[in-house]
Every structure is written in C-alpha cells, then in structure tokens.
Amino acid sequence: MADCDLCGVARPTLCPVKVNAPGVKTAYPTGTWRGICQECLSSCHEANLNRVQVNGAEKCDLCGIRNVPLFQVTVHVPIFQQPYRRELNKAICGDCFEACEETLRRREAEKEVAHH
Ligand SMILES: [Zn+2]
Ligand SMILES: [Zn+2]
C-alpha cells in the first residue's frame, strides 16, 4: 500500500505522474515522480477538460510550484461515517494536468498492447 500524493488515501496501486517539482529541481532537473490513485487521475482529467481557476491557493498540491495559475480539482476521500466519502478541493497547475494526461495516454497504450 502507498499513499496517494493528492488525496492521501492508501491504495494498493498508484499511477506514476512525472512532475517538475521546483523544490527538488537541483536534485531532479528532468522531473520527479508522484504517485496518484486512479480516482484522482480521472478527477484531474475531468478538471483539465473543464478548468476552473482557483484564487487564493498558494501552490500546486502535486508539484509545489508557486506563482502560476492553479486549477481546482475535486477528489473524494473515503470516511468511516455517512455519506462515506468527503469532497476535498485541491489546486493543480497546468503542467501537472499535462503530466496526468501523459500518464493516462501511457495507460491507454499499455491496454492496447495487452489486447493484441
Ligand atoms: Zn488519490
Ligand atoms: Zn503542479
């Protein structure tokens, strides 16, 4: 089990998303990997299709970049009481959206290969 970097929920498998995290730029100049769950990946995809800019968010919740336009992503976190899930608003930058799309495309390509 590993914790999703976006919603924080522990999942058996996470999808790797490559981000350019400014905080570790010197150590990883070509980018570093974040692991997000399937649900968050679809949420990011949805949010990217219909971008809603967030005002007041300080930094991207995935890569930590500051002073760039951020967009709202709503993720669902399971809880132990009614209604058993809670909405959580996250702020993601355009670059991370692209990285999520890239991961989705890669997954699709892998599925194609598995079919043949
Ligand atoms: Zn998640
Ligand atoms: Zn980002």
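Residues numbered from 1 in each chain as written. Chains lettered and ligands numbered in written order. Predicted model: local features only at pLDDT ≥ 70, side-chain atom pairs only at ≥ 80, totals over all residues.

Right, let's get into the pairing of strand β3 (residues 15–19). The element β3 is extensively covered by neighbouring structure, given that four of its five residues are classed as buried. Where β3 and strand β4 (residues 32–36) come together, five bridges link them in antiparallel fashion. In the strand pairing of β4, C15 is matched with I36. (Buried ≥ 20, exposed ≤ 12 C-beta atoms within 10 Å, placed from the backbone. Helix = DSSP H or I, 4+ residues; strand = E, 2+ residues; numbered from the N terminus. Pairing = 2+ DSSP bridges.)

Of all hydrophobic cores here, the largest spans 27 residues; its most connected members are I36, C40, C60, I92 and C96. For this core, the secondary structure elements donating two or more residues are β3, α1 (38–49), β5 (70–78), β6 (85–93) and α2 (94–115). Filtering out sequence-adjacent residues up to four positions away, I92 remains in contact with C44, A47, C60, D61, L62, L70, F71, V73 and F97. (Core = buried A, V, L, I, M, F, W, Y, C linked by C-beta atoms within 7 Å. Contact = placed C-beta atoms within 7 Å.)

Right, let's get into α2. Here α2 spans 32 Å end to end across 22 residues, near enough to the 32 Å set by a 1.5 Å rise per residue. Those residues of α2 that are buried lie in contact with β3, α1, β5 and β6. (Expected span 1.5 Å × (residues − 1).)

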